[in-house]
Amino acid sequence: MKSALTRALVTGVLAGAAAVALLPGVALAAPTATVVAGGPLNLRGGPSTADTRTGSVPDGSEVAAVCQEFGEQIKGTQRTTPYWDRLSNGGYVADAYLRWSPSRPALPWCATKGASVATVSSGGGPANIRAGASTGTARIGTVANGHSLDINCQVWGAKVVGHVRTTNAWDLLTDGRYISDALVAYSKGMPVLPWCGQVPPVVPPAGTAQFLARVAEPARLGFTKYRVPASVTIAQAILESGWGRSYLSRRDHNYFGIKCFGDPGTIALGCRSYATRECEGTRCYDTTEVFRTYRNVTASFADHGYFLTVNDRYDEAFRYSTNPNQFAKEIAKAGYATTPSYAEDLIDLMKEYDLYRYDPASRA
């Protein structure tokens, strides 16, 4: 059963977007829209107001939208939406300020190399379309090999070994049906698709006060439910997310660098690969890891507390739920992070920003 938010997302796409039917091998011109902003509309280097301003387009001008990305939610003159459009000149504009006639088309998703059209790649015959994200759900149709798809968002479901890849990701199409992403090829490389029901990406906090305001309540809830000191939780979030500025925390609301290890668990929405830096002793190196993705910041903080609770290697730390400094030392000793100075780094942050004030009757 779809969540209310997922149903709303699907309904919004169906009601506000006329699907562009792309036949195999047929390229269509980029659809155009009119800028309605009450003045020049800023062009950005990415899908948020935090990305660099690269210029502007005049109010009332016609622009050609090549593809779309899921970005910062904007309340504009035409709609409130998290969709941003990459124009033919390479810049991004908030779709909130674009007037489409007669309605917004189902744009392809953007990838690094450009608009990435999704097509069925079954290796031969038609691919099954399902009522849910599993081969155990009802088959409610088929799509021919090579046919294009209009994808709304993704869900984590049953693993499928397909012609393109092996994955648990399933694509929710704009008509409400599902197809395994194992059977989907992307013309310009894999786009960053949103997870169904996920809160739009957020912009980096303006300063420390804004960041602390964003995370204080979820951290307190973590202590109430899991007995993880709020001060430690916030210090970890600062370190792991770079004060909320990392792409992982902004895009997928993962503030703690919790990895998937093949399974997102019971709280996260799914898994996504990110470039990261790991350390082994004194040797640090760049690599790629798969991290959990969350609905929102609250879910990330809840999974952090749950993660520490269900992994018995952290049991010793919970003897010190009211002693944040020792709790930090114990989780570091148990191997939470590969950085040798992890405990000291947490304690320094707790002292510098008086994070103990978020703990009930704690002692350092």
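Computed from a prediction, not measured in an experiment: that's the story for all the values here.

Caption draft 1: Quick look at the overall build of the protein. Tallying secondary structure elements over the protein gives 7 helices and 21 strands in all. Taken against the 2.2 N^0.38 rule, which gives 21 Å for 364 residues, the C-alpha radius of gyration of the protein at 22 Å falls within 12% of a compact globule. Viewed in the frame of its principal axes, the protein has a C-alpha envelope of about 65 × 50 × 40 Å. Sorting the 364 residues of the protein into buried and exposed places 49% on the buried side.

Caption draft 2: Summary view of the state of the cysteines. Inspection of every chain in the model, using the stated rule, returns 3 disulfides. Each sulfur in the disulfide pair Cys67 and Cys110 lies 2.1 Å from the other. Taking the sign of the S-S torsion, about 100 degrees here, the bridge from Cys67 to Cys110 comes out right-handed. Here Cys67 is found in strand E5 (residues 62-75), whereas its partner Cys110 is found in strand E10 (residues 109-111), with 43 residues between them in sequence. Note that Cys153 is cross-linked by a disulfide to Cys196, the S-S spacing being 2.0 Å. The disulfide joining Cys153 to Cys196 has a torsion of about 95 degrees about its S-S bond and is therefore right-handed. In this pair, Cys153 sits in strand E16 (residues 151-161) while Cys196 sits in the loop between strand E19 (184-186) and helix H2 (208-226), placing the two residues 43 residues apart along the sequence. Note on Cys196: relative accessible area 6%, which makes it buried.

Caption draft 3: The arrangement of the sheet that holds strand E12 (residues 118-120) in detail. Strands sit in the order E15-E12-E19 across an open sheet of 3 strands; the sheet is antiparallel. The strands lining the two open edges of the sheet, one partner per strand, are strand E15 (148-149) and E19. Direction of pairing for E12 relative to E19: antiparallel, over a ladder of 3 bridges. Its bridge partner lying in E19, Val120 is registered against Val184.

Caption draft 4: Region of interest: the packing of aromatic side chains. Enumeration over the complete set of coordinates arrives at 16 aromatic pairs. Pairing Phe211 with Tyr255 gives two aromatic rings, centres 6.4 Å apart and planes at 40 degrees, and the pair type is tilted. Residue Phe211 is found in helix H2, and its partner Tyr255 is found in the loop between helix H4 (247-252) and strand E20 (270-280); the two are separated by 44 residues along the sequence. The same class applies to Phe211 as to Tyr255, namely buried. Each ring, one from Tyr247 and one from Tyr274, has its centre 6.2 Å from the other, and the planes form 65 degrees; the classification is edge-to-face. Note that Tyr247 is positioned in helix H4 and Tyr274 in strand E20, a separation of 27 residues in sequence.

Caption draft 5: Inspection of the pattern of salt bridges at higher detail. For the coordinates displayed, the defined rule picks out 12 salt bridges. Note that Arg220 and Glu217 form a salt bridge whose closest N and O atoms lie 3.7 Å from each other. You can see Arg220 and its partner Glu217 sitting in helix H2, 3 residues apart, about one turn around the helix. For Glu217, a relative accessible area of 44% translates into the label partly exposed.

Caption draft 6: Just the side chain of Thr233, in detail. Assignment of secondary structure puts Thr233 in helix H3 (residues 230-241). Ignoring anything within four residues of it in the chain, the contact list for Thr233 reads Ala219, Val228, Phe256, Phe301 and His304.

Caption draft 7: Structural detail: the nonpolar core. Judged by nonpolar contacts, the single largest core of 39 residues is most densely connected at Ile331 and Tyr336. Looking at this core, the elements with two or more residues in it are H2, H3, helix H5 (297-310), helix H6 (324-333) and helix H7 (342-352). Listed in part, the 16 residues of the second largest apolar core include Phe70, Trp109, Leu173 and Val184.

Caption draft 8: Layout of the confidence of the model for the protein. Averaged over every residue, the pLDDT of the protein is 90; residues scoring 70 or more account for 91%. Contacts from residues 1-27, a stretch scored under 50 in pLDDT, to residues over four places away or in other chains number 46 contacts.

Caption draft 9: Examining the environment of Gly305 more closely. Checked against the element boundaries, Gly305 lands in helix H5. A relative accessible area of 1% places Gly305 in the buried class. Sequence separation between Gly305 and Lys225 is 80 residues; the distance between their C-alpha atoms is 7.9 Å. Those residues in contact with Gly305, other than ones at most four positions away along the chain, are Tyr226 and Val228.

Caption draft 10: Structural context of the environment of Gly207. Along the chain, Gly207 falls in the loop between E19 and H2. Through-space distance from the C-alpha of Gly207 to that of Gly244 is 9.8 Å; in sequence the pair is 37 residues apart.

Caption draft 11: Representation of unusual backbone geometry in the model. The omega torsion across Ser101 and Pro102 is 5 degrees, close enough to zero to call that bond cis. Here Pro102 is to be found in the loop between strand E8 (98-99) and strand E9 (104-105). Positive phi, close to 60 degrees, is recorded for Trp243, a residue that is not glycine. Within the secondary structure, Trp243 is located in the loop between H3 and H4. Note on Trp243: relative accessible area 15%, which makes it buried. For Phe261, which is not a glycine, the phi torsion comes out positive at approximately 50 degrees. With respect to the helices, strands and loops of the structure, Phe261 is situated in the loop between H4 and E20.

Cut-off values and rules
- Residues numbered from 1 in each chain as written.
- Predicted model: local features only at pLDDT ≥ 70, side-chain atom pairs only at ≥ 80, totals over all residues.
- Heavy atoms only, no water.
- Helix = DSSP H or I, 4+ residues; strand = E, 2+ residues; numbered from the N terminus.
- Rg over C-alpha atoms; globule rule 2.2 N^0.38 Å.
- Buried < 20%, exposed > 50% of the residue type's maximum accessible area, 1.4 Å probe, protein only.
- Disulfide = S-S within 2.5 Å.
- Pairing = 2+ DSSP bridges.
- Phe/Tyr/Trp six-rings, centres within 6.5 Å; stacked < 30°, edge-to-face > 60°.
- Salt bridge = Lys/Arg side-chain N within 4 Å of Asp/Glu carboxyl O.
- Contact = heavy atoms within 4.5 Å.
- Core = buried A, V, L, I, M, F, W, Y, C linked by side-chain atoms within 4.5 Å.
- pLDDT = per-residue confidence, 0-100.

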